[in-house]
Amino acid sequence: AQRGDCPGRLAKPRLGCMDAPESDERLMTRYRDGDDSAFDTLYERHRGGLYRFMLRQCGSRAVAEELYQDVWLSVIRVRASYTVSAKFTTWLYQMARNRIIDNHRRASIRPVSDAEVGSDAQSEPSAPDGEQPDRQAQSAQGLETLARLVDALPDEQREAFLLREEAGMSVQEIAECTGVNNQTAKSRLRYAVKKLRAGWSEHHE
């Protein structure tokens with residue numbers, strides 16, 4: 001039978017019978033147990049988002065590529081001791097974040113701080129009127145503008161925004177990954193979106 005077939009069902013065979021994608025945690029467990037193909041799947045799922053996150057945080061393509069390769073080598077090195085203690089994305093991006101902070105320290109650049117950004121955010125960060133700015137950027141020029149706006153964000157806000165956009169993390173997962181409380185993570189996202197909205201509007205006046 002083809003993947004997704006439901007033997008014995010003749011009516012509406014396509015509704016709800018497709019196999020759900022395997023979770024990242026299950027794939028990493030399979031890889032730990034010797035299934036190298038599971039690593040290939042994980043790499044394909046996360047390579048783009050992880051690289052973009054690291055590039056935006058490093059600001060240097062050469063440095064980002066070096067650290068990016070180091071993160072995946074670390075995944076390979078620790079495979080035998082892997083246990084499911086958090087979401088795979090949280091675990092992966094924590095490793096990436098640690099590499100970036102270590103690199104900043106070696107280069108005498110201030111690492112990402114966990115200082116409180118603000119405590120007045122009372123709700124999840126809301127989208128600007130209409131679509132998110134990254135969904136409005138349909139042209140190369142628009143994408144370049146958005147990239148400059150993201151790069152200009154304070155470190156903590158940029159990190160939180162990229163963890164949401166590139167890793168798809170919730171506020172709680174961002175808080176866990178960055179070692180802050182939910183309120184701080186929520187504030188960072190709120191201020192990041194507010195600044196991106198303002199910058200985008202100013203650019204299009």
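Residues numbered from 1 in each chain as written. Predicted model: local features only at pLDDT ≥ 70, side-chain atom pairs only at ≥ 80, totals over all residues. Heavy atoms only, no water.

## What to know about the overall build of the protein
As a reminder, the rule being used: Secondary structure elements follow DSSP: runs of H or I no shorter than four residues count as helices, runs of E no shorter than two count as strands, and numbering proceeds from the N terminus. Only protein chains enter the calculation, and the probe is 1.4 Å; a residue is then buried if its accessible area is under 20% of its type maximum, exposed if over 50%, and partly exposed in between. In what follows, a contact means two residues having at least one pair of non-hydrogen atoms within 4.5 Å. Accessible surface is estimated by sampling points in the Shrake-Rupley manner with a 1.4 Å probe; for residues, cover comes only from the protein chains shown.
Counting its secondary structure elements, the protein contains nine helices and zero strands. When its helices and strands are written in sequence order, the protein yields α-α-α-α-α-α-α-α-α. Evaluated residue by residue, the protein yields a buried proportion of 43% over its 205 residues. The long-range share in the protein, meaning contacts at least 24 apart out of those at least 6 apart in sequence, stands at 67%. Summed over its atoms, the accessible surface of the protein is roughly 11,600 Å², and 47% of this surface lies on carbon and sulfur atoms.

## Re the packing of helix α2 (residues 36–58) against helix α7 (residues 155–167)
Heads up, the rule is: Each axis is a line fitted through C-alpha atoms, and for a helix only the stretch in contact is used; angles between axes span 0 to 180 degrees, taken between their N-to-C directions. By the definition adopted for this analysis, an angle is roughly parallel if under 35 degrees, roughly antiparallel if over 145, roughly perpendicular if from 65 to 115, and oblique otherwise. The residue classification treats Ala, Val, Leu, Ile, Met, Phe, Trp, Tyr, Cys and Pro as nonpolar and Asp, Glu, Lys and Arg as charged. All others, Gly included, are polar.
At their nearest, the axes of α2 and α7 sit 10 Å apart, and the two run at 170° to each other. It follows from the interaxial angle that α2 and α7 lie roughly antiparallel. Two secondary-structure elements touch here, α2 through G49, R52, F53, R56 and Q57 and α7 through D155, R158, E159, L162, L163 and E166. The class makeup of the residues in the contact of α2 with α7 is three nonpolar, two polar and six charged.

## Regarding α2
Filter applied, for reference: Two axes enter the bend calculation: one fitted to the seven residues ending at the residue in question, the other to the seven starting there, and the bend is the angle between them.
If you look at α2, its biggest bend is around 50°, right at H46. G59 lies just past α2 and shows a positive phi near 80°.

## Observations concerning the packing of α7 against helix α8 (residues 171–178)
Angle between the axes and distance between the axes are the two parameters that describe a pair of packed helices. Threshold: Note on convention: the crossing is left-handed when the near helix lies turned anticlockwise from the far helix by less than a right angle, right-handed when the turn is clockwise.
Where α7 meets α8, the axes come as close as 10 Å, and the angle between the chain directions of the two elements is 125°. When the axes of α7 and α8 are compared, the pair comes out oblique. The way α7 lies across α8 gives a crossing that is right-handed. Mapping the contact onto sequence places E159, A160, L163 and R164 in α7 and I174, C177 and T178 in α8. Its residues assigned to classes, the contact of α7 with α8 shows four nonpolar, one polar and two charged.

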